[in-house]
Amino acid sequence: MQQSQQQGHDGRIAYRCCVGVLRSFSLVVLGIIGCSRAITPSSTIFSNTQVDLATPPAPVTQPTLNYATHDLPGSIVHTVTIPPETDYRVHVALAETLSPLSVLAEEAGAIAAINAGFFDPQNGLTTSYVTIQNQLVADPTQNLRLIENPDLTPYLDAILDRSEFRIYDCVDGVQYDITRHSTPIPSNCVLAGSVGAGPQLLPQVTGYEEGFLANNSQGEVVRDAVGSRYPNARSAVGLKADGSVVLVMVSQRSDVAAPTGLSFDDLAGFLQELDVISALNLDGGSSSGLFFQGEAFYGRLDAENRPVERSIKSILLVR
């Protein structure tokens, strides 16, 4: 696997989660090819230690926000890694009406963003739970096209308990997690934000458990709701053992024969190579997109090999 050069995106150390809500136009917000860009936030350090003014202080190395691309045989994978102990935080944002990723990211003042939860493109309503500041702001049970669909009745309990990416505001700082919707919130923590999607990709793919896959009595696959076994554009979020968050967007290639992209199993294997230990699939296909430093990259290609920019319902953003 060939990986392009990476550069840093400097940030200061943050020890406490600061949560807020911003409404900007249609957006409700909780308040990542081979190049990288960097911005260094200003900082002031106060100390009661005597300083020799004739000798300039040594520069302080800060954690970095890294954007990179990974050139795979059937896809180009864009990644943004947010390390622990940095001022940059992951937030959840929800659009009141479907909007392009770039619009949502710019309205929120994001440095990086990725498409997130599932939605119904016909009525614009969510099919994933979204929580901001411990308040449910998008409820799939209110989408009658989901709840009253007889084809989905056998899978509805699993669909409504799919996995989600969570942001906790805890006594000892911010924490991130990937878990099922029914999982209790840890003590001494508040659910600062969450967005549902699924299935989990690591530590194992939970397609059957979350109602994406089903077999008949002969063991044949009779349901694959998101085409998980075949290459496609994909989006995902992962967690490393050191607390880093990784945003991942898989783009199709125009220079090789179709189909291009990654299956769930291949995406899970790629994430393991990045040392990701827990990962969640996000809405994929035409919804796949990643925004970094004012530029948007999209995953799906149309018949003329042009990137598809689809309006979406929710995003994970970094600022």
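Parameters and conventions
Residues numbered from 1 in each chain as written. Predicted model: local features only at pLDDT ≥ 70, side-chain atom pairs only at ≥ 80, totals over all residues. Heavy atoms only, no water. Helix = DSSP H or I, 4+ residues; strand = E, 2+ residues; numbered from the N terminus. Buried < 20%, exposed > 50% of the residue type's maximum accessible area, 1.4 Å probe, protein only. Areas by Shrake-Rupley, 256 points an atom, 1.4 Å probe, with all protein chains shown as cover. Phe/Tyr/Trp six-rings, centres within 6.5 Å; stacked < 30°, edge-to-face > 60°. Pairing = 2+ DSSP bridges. 1 Å grid on protein atoms, 1.4 Å probe; cavity = no way out; pocket = protein on both sides within 12 Å on 5 of 7 lines; lining within 4 Å. Points joined across faces, edges and corners; volume = space filled by probe spheres on them. Nonpolar A, V, L, I, M, F, W, Y, C, P; charged D, E, K, R; others polar. Axes fitted to C-alpha atoms, helices over the stretch in contact; angles between N-to-C directions. Polar contact = N/O pair within 3.5 Å; in protein donor to acceptor, adjacent residues only side chain to side chain. Salt bridge = Lys/Arg side-chain N within 4 Å of Asp/Glu carboxyl O. Arc of directions from axis to C-beta. Contact = heavy atoms within 4.5 Å. Core = buried A, V, L, I, M, F, W, Y, C linked by side-chain atoms within 4.5 Å.

Novice: Give a detailed account of the overall build of the protein, specifying residues and quantitative values.
Specialist: Regarding its fold elements, the protein presents 4 helices and 21 strands. Residues counted as buried form 50% of the 319 residues belonging to the protein. When the accessible surface of the protein is summed, it comes to about 15,000 Å², and 50% of that surface belongs to carbon and sulfur atoms.

Novice: If you had to explain the packing of aromatic side chains to someone new, which residues and values would you point to?
Specialist: Using the criterion set out here, one finds 4 aromatic pairs in the structure. Look at Tyr67 and Phe292: their rings are 5.0 Å apart centre to centre, the planes differ by 15°, and that puts the pair in the stacked class. Pair noted here: Tyr67 is in strand 4 (residues 66-72) and Phe292 is in strand 19 (residues 289-292), with a separation of 225 residues, a long-range link. We note that Tyr67, like Phe292, is buried. Taking 6.0 Å as the distance between ring centres and 50° as the angle between the ring planes, the aromatic pair formed by Phe118 and Phe212 counts as tilted.

Novice: Outline the pairing of strand 10 (residues 163-170), supporting the account with residue identities and numerical values.
Specialist: Burial within strand 10 is extensive, with 7 of its 8 residues counted as buried. Taken together, the 8 bridges between strand 10 and strand 11 (residues 173-180) define a ladder with antiparallel strand orientation. Bridging from a neighbouring strand, Asp169 pairs with Val174 of strand 11. Turn length for the strand 10-strand 11 hairpin, with the two strands adjacent in sequence and antiparallel, is 2 residues. As defined by bridge partners, strand 10 adjoins strand 12 (residues 189-196) across 7 bridges and the pair is classed as antiparallel.

Novice: Would you mind going over the layout of surface pockets in detail, with residue names and values included?
Specialist: Computed from the structure, the largest pocket encloses a volume of approximately 640 Å³. Where the lining of the largest pocket is concerned, the elements lending two or more residues are helix 2 (144-147) and strand 18 (276-282). Residues belonging to the lining of the largest pocket are distributed by class as follows: 10 nonpolar, 8 polar and 8 charged.

Novice: An account of the sheet that holds strand 12 is needed here, citing residue identities and associated values.
Specialist: Strand order in the open sheet made by the 5 strands is 9-8-12-10-11, with antiparallel pairing throughout. Only two strands of the sheet have a single neighbouring strand rather than two, namely strand 9 (135-138) and strand 11. On average, each strand axis in the sheet is inclined to that of its neighbour by 30°, with strand direction left out of account.

Novice: Tell me about the environment of Ser217, and name the residues and values.
Specialist: Relative to the elements of secondary structure, Ser217 occurs in the loop between strand 14 (213-215) and strand 15 (221-224). A polar side-chain atom of Ser217 sits 2.9 Å from a polar atom in the side chain of Gln218.

Novice: Hey, could you go over the pattern of salt bridges for me, with residue numbers and the actual values?
Specialist: Per the stated rule, a full pass over the model turns up 8 salt bridges. As a salt-bridge pair, Asp302 and Arg306 come within 3.0 Å of each other at their nearest N and O atoms. The class of Asp302 is partly exposed, set by a relative accessible area of 25%. Look at the salt bridges and you will find they share partners, linking Asp71, Arg253 and Asp255 into a network.

Novice: For empty space enclosed by the protein, give the residues involved together with the corresponding values.
Specialist: Computed from the structure, the largest cavity encloses a volume of approximately 70 Å³. Along the wall of the largest cavity there are 13 residues; nearest its centre are Ser128, Tyr129, Ile159, Arg162 and Gly196.

Novice: Summarise the pairing of strand 16 (residues 234-240); cite the residues concerned and give the values.
Specialist: Counting buried positions along strand 16 yields 6 of 7 residues, so the element is predominantly enclosed. Pairing analysis gives 6 bridges linking strand 16 to strand 17 (residues 245-252), with the strands arranged antiparallel. Residue pairing across strands places Val237 opposite Leu247, the latter belonging to strand 17.

Novice: Explain helix 4 (residues 264-273) to me, using residue names and the numbers behind them.
Specialist: What helix 4 keeps buried is the set Phe264, Leu267, Ala268, Phe270 and Leu271. When helix 4 is viewed along its axis, its buried side chains cluster within an angular range of 160° and face the same direction. In helix 4, the exposed positions angled more than 90 degrees off the buried face are occupied by Asp265 and Glu273. Lining the buried residues of helix 4 we find strand 4, strand 5 (75-82), strand 13 (200-202), strand 16, strand 17 and strand 18.

Novice: Provide a residue-level description of the nonpolar core, including the pertinent values.
Specialist: In terms of nonpolar packing, the biggest core is built from 36 residues, with Val80, Val90, Phe165, Val245, Leu247, Leu290 and Leu316 touching the most fellow members. Excluding residues within four positions of it along the chain, Leu316 makes contact with Val90, His91, Val92, Ala112, Ala113, Ile114, Ala116, Phe165, Val195, Val237 and Leu282. Listed in part, the 17 residues of the second largest apolar core include Leu201, Val250, Phe270 and Leu274.

Novice: Summarise the environment of Gln272; cite the residues concerned and give the values.
Specialist: With respect to the helices, strands and loops of the structure, Gln272 is situated in helix 4. Owing to a relative accessible area of 48%, Gln272 belongs among the partly exposed residues under this scheme. For the pair Gln272 and Leu201, spaced 71 residues apart in the sequence, the C-alpha separation amounts to 9.9 Å.

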